[in-house]
Amino acid sequence: MNDRPTLLVIDDDPLILQCMQLCLPEPDYQVFTSTNATTGMESFRRHEPDAVLLDVQLPDQSGLALIHELRELDRRVPVILMTGHGTAETAITAMSGGAFEYITKPFEPDEILPLIDSALETSRMARRPAALPNDPKITGSGKSPVAARADLVLGSCPQMIEVFRSIGRVASREAAVLILGETGTGKEVVARAIYQHSQRHDQVFHAINCAAIPEALLESELFGHEKGSFTGADQRRVGKFELCDGGTLFLDEIGDMSPVMQTKLLRVLQEKEFERVGGSRPIKTDVRIIAATNRDLKAAMNDGSFRSDLFYRLNEFTIELPPLRQRGGDFAEMAEHFFALYATQLGKDFVSIAPETMQRLLAHPWPGNVRELQGVIKQTLLKASGPVIVPAFLPNGFGYESELESHHSVAIGWREGLAEDVRQRIAAGSFSVSSDIHDEADRILISEMLKATGNNLSEASSRLGISRPTLRSRIRALGLRPDTM
Ligand SMILES: Nc1ncnc2c1ncn2[C@@H]1O[C@H](COP(=O)(O)OP(=O)(O)OP(=O)(O)O)[C@@H](O)[C@H]1O
């Protein structure tokens, strides 16, 4: 598998082949073309493409039969079928037989490109290794050819070791897994690792982001629909539960699913069957579910927005990812790794991270976790003008907000302390609160200024905005002696 996305187009129409080469240009994509089933099959074996665009009518064989053969070789590679007018029913049969999507000819690039993107993304998740530490296939320290084509999952802090152990324990079981963690902590990468280490690793893997799709569409995406079941349903559609039969379905952002959809999902998990929207025939399915959310599902159950019976069904095994700020020494290791990786990708020199830069990075709270770290490192490298990463290369304002925040909290602490002091003096019945507090403030102010100016009275008085005689008299009145300054 190549590092850039590869597509195999099998069609005897030279215009389609040309169009795909133009729409998916080098060097971002690699497009292989074949004009018949025999050479298409050879190309599939040789190039191991990420996705296939296949015409239903080929000179030497039907596209439908070819899908079957391609799936015998690798079920994880999504195949988009191109049909002519009037052959949509055939395409639907093909989808039931495992095609990822279909499109009716003629089509515009705008119609096909989103399907291709989605197929390539599905393929990436299923086939790009999510490599755990000490994976025997990944040798060396990220420099082997296999490692270069893998997403290395880094971590050696106790919480991440526990995550890796959990993946090992649960992957080969059929249990549903619930992955919890803040945004960008690696929930998708853990879901892929579970699938890739599972018994179903050579079967299909599909992912769906429950938060990104409106409810009505989500239902049809998951369960499919019958022709005419709602306005716009001009063809029957096969949903993910049907496409994933025998495979794995990753339900991302499950905490955002509406109550109606939660009920429908619960039913398919309990009964292992469902009906297409507008259909009445129950369809059996055997799908392993991996779900993830950054929401607090316990709180959602308490306020009634998440069904507890669905929670227990999904939660046969839980993996909780720690936020980046709680991963101790892993942070520095990850920062080094991403600097080296992206420097190579961006053609930049990288030797080391200066200690002050690392301090700034460590002081940041990282609400967007590993994804935010990756973004900051890419921006830093783009700005960098030398191989040692100094703070000036960090994105504008980076790290300053945490300094300001700590000044702010010091300021809040100081004011709170002063207010408490004043309250106690008042409660004690003092009549000199004002002069006592002003004297105390002057004592701190004057002694700090004298320290800063090396006891130079002229400079200290001018920086305090008072005359030199006034400063002298205040020093005397407050009883400040040179040894206390
Ligand atoms: N432990 C890790 N080591 C190396 N890279 C990691 C690690 N965890 C996450 N990443 C990388 O961080 C990025 C974000 O991870 P991922 O998409 O899995 O997060 P997520 O929790 O699913 O985010 P969201 O909640 O926003 O969907 C990805 O590029 C992923 O490869």
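Residues numbered from 1 in each chain as written. Predicted model: local features only at pLDDT ≥ 70, side-chain atom pairs only at ≥ 80, totals over all residues.

1. Notes on the overall build of the chain
A tally of helices and strands in the chain yields 20 helices and 16 strands. Its C-alpha atoms give the chain a radius of gyration of 32 Å, more than 25% over the compact-globule value 23 Å for 485 residues. Expressed as a percentage of the 485 residues in the chain, the buried residues total 31%. Residue pairs at least 24 apart in sequence account for 66% of intrachain contacts in the chain once pairs closer than 6 positions are excluded. (Helix = DSSP H or I, 4+ residues; strand = E, 2+ residues; numbered from the N terminus. Rg over C-alpha atoms; globule rule 2.2 N^0.38 Å. Buried ≥ 20, exposed ≤ 12 C-beta atoms within 10 Å, placed from the backbone. Contact = placed C-beta atoms within 7 Å.)

2. Points about the UniProt feature "modified residue: 4-aspartylphosphate" (unreviewed entry) in the chain
This chain's UniProt record puts "modified residue: 4-aspartylphosphate" (unreviewed entry) on Asp55. Along the polypeptide, Asp55 turns up in strand E3 (residues 51-55). Once residues within four sequence positions are removed from consideration, Asp55 is found in contact with Ile10, Asp11, Asp12, Gly63 and Met82. (UniProt positions renumbered as here; feature names shortened; annotations may be inferred.)

3. Some points on the nonpolar core
In this structure, Val52, Leu54, Val79, Ile80, Leu81 and Ile179 are the most contacted members of the largest nonpolar core, which totals 81 residues. In this structure, Phe331, Leu361, Val370 and Ile389 belong to the second largest nonpolar core, which totals 15 residues. (Core = buried A, V, L, I, M, F, W, Y, C linked by C-beta atoms within 7 Å.)

4. A word on the site of the ligand
Around the ligand, a shell composed of 18 residues is seen, among which Leu154, Gly186, Lys187, Glu188 and Val370 lie nearest. Of all the elements in the fold, those that place two or more residues in the shell around the ligand are strand E7 (151-152), helix H8 (187-196) and helix H16 (369-383). Class assignment of the residues belonging to the shell around the ligand gives a composition of 5 nonpolar, 8 polar and 5 charged. (Near = placed C-beta within 6 Å. Nonpolar A, V, L, I, M, F, W, Y, C, P; charged D, E, K, R; others polar.)

5. Things to note about the packing of helix H18 (residues 433-452) against helix H19 (residues 457-464)
Where H18 meets H19, the axes come as close as 9 Å, and the angle between the chain directions of the two elements is 130°. The orientation of H18 relative to H19 falls into the category oblique. Here H18 and H19 pass one another in a crossing that is right-handed. For the pair formed by H18 and H19, the contact residues are Leu445, Met449 and Leu450 on the first element and Ala460, Arg463 and Leu464 on the second. When grouped by side-chain class, the residues that make up the contact of H18 with H19 number 5 nonpolar, no polar and 1 charged. (Axes fitted to C-alpha atoms, helices over the stretch in contact; angles between N-to-C directions. Parallel < 35°, antiparallel > 145°, perpendicular 65-115°, else oblique. Left-handed = near helix turned anticlockwise from the far one by under 90°.)

6. Structural notes on the sheet that holds strand E2 (residues 30-34)
Spatially, the 5 strands line up as an open sheet ordered E2-E1-E3-E4-E5, and their pairing is parallel. Every interior strand has two partners, whereas the edge strands, E2 and strand E5 (101-104), have only one. The average undirected angle you get between the axes of adjacent strands in this sheet is 20°. Pairing geometry for strand E1 (residues 6-10) and E3, over 4 bridges, is parallel. Bridging from a neighbouring strand, Ile10 pairs with Leu54 of E3. The strands that helix H1 (residues 14-23) touches are E1, E2 and E3; relative to E1, the one it contacts most, it runs at about 165°. Sheet strands in contact with helix H2 (residues 37-47) are E1, E2 and E3, and its direction is about 170° off that of E1. (Pairing = 2+ DSSP bridges.)

7. A closer look at the sheet that holds strand E13 (residues 288-293)
Reading across the sheet, the 5 strands line up as E9-E10-E13-E8-E14 and stay open at both edges, with parallel pairing between neighbours. If you trace the sheet from one side to the other, it starts and ends with strand E9 (205-209) and strand E14 (317-320), each paired once. Each neighbouring strand pair of the sheet contributes to a mean axis angle of 15°, computed without reference to strand direction. Alignment of E9 against strand E10 (residues 248-252), held across 5 bridges, turns out to be parallel. Bridging from a neighbouring strand, His206 pairs with Leu249 of E10.

8. A few points about helix H3 (residues 63-73)
Because each turn of an α-helix spans 3.6 residues, side chains separated by three or four positions end up pointing in the same direction. Within the span of H3, buried status applies to Gly63, Leu66, Ile67 and Leu70. The buried residues of H3 occupy an angular sector of 105° when the element is viewed end-on, so they sit on one face. Within H3, the exposed residues directed more than 90 degrees away from the buried face are His68 and Glu72. (Arc of directions from axis to C-beta.)

9. Let's talk about H18
Over its 20 residues, H18 extends 29 Å from the first C-alpha to the last, a length consistent with the 28 Å expected when each residue adds 1.5 Å. Of the residues one or two after H18, Gly454 is the one with positive phi, at around 65°. (Expected span 1.5 Å × (residues − 1).)

10. Let's talk about unusual backbone geometry
The omega torsion across Glu26 and Pro27 is -5°, close enough to zero to call that bond cis. Of note, the bond from Lys105 into Pro106 is cis; its omega dihedral lies within 30 degrees of zero at -5°. Topologically, Pro106 is positioned in the loop between E5 and helix H5 (109-127). We note that Lys272 has phi near 55°; this positive angle belongs to a residue other than glycine. Mapped onto the elements of the fold, Lys272 is located in the loop between helix H11 (259-271) and strand E11 (273-274). Of note in this structure, Asn369 is not a glycine but carries a positive phi near 55°. Take Asn369: it is sitting in helix H16. Overall, the presence of 21 C-beta atoms within 10 Å leaves Asn369 in the buried class.

11. With respect to the environment of Gln21
Mapped onto the elements of the fold, Gln21 is located in helix H1. Along the primary structure Gln21 and Val9 are separated by 12 residues, whereas in three dimensions their C-alpha atoms are 9.3 Å apart.

12. Focus: the pairing of E10
For E10, the tally of buried residues reaches 5 of 5 residues, placing the bulk of the element in the interior. When E10 meets E13, the two strands line up parallel, connected through 4 bridges. Bridging across to E13, Leu251 finds its partner in Ala291.

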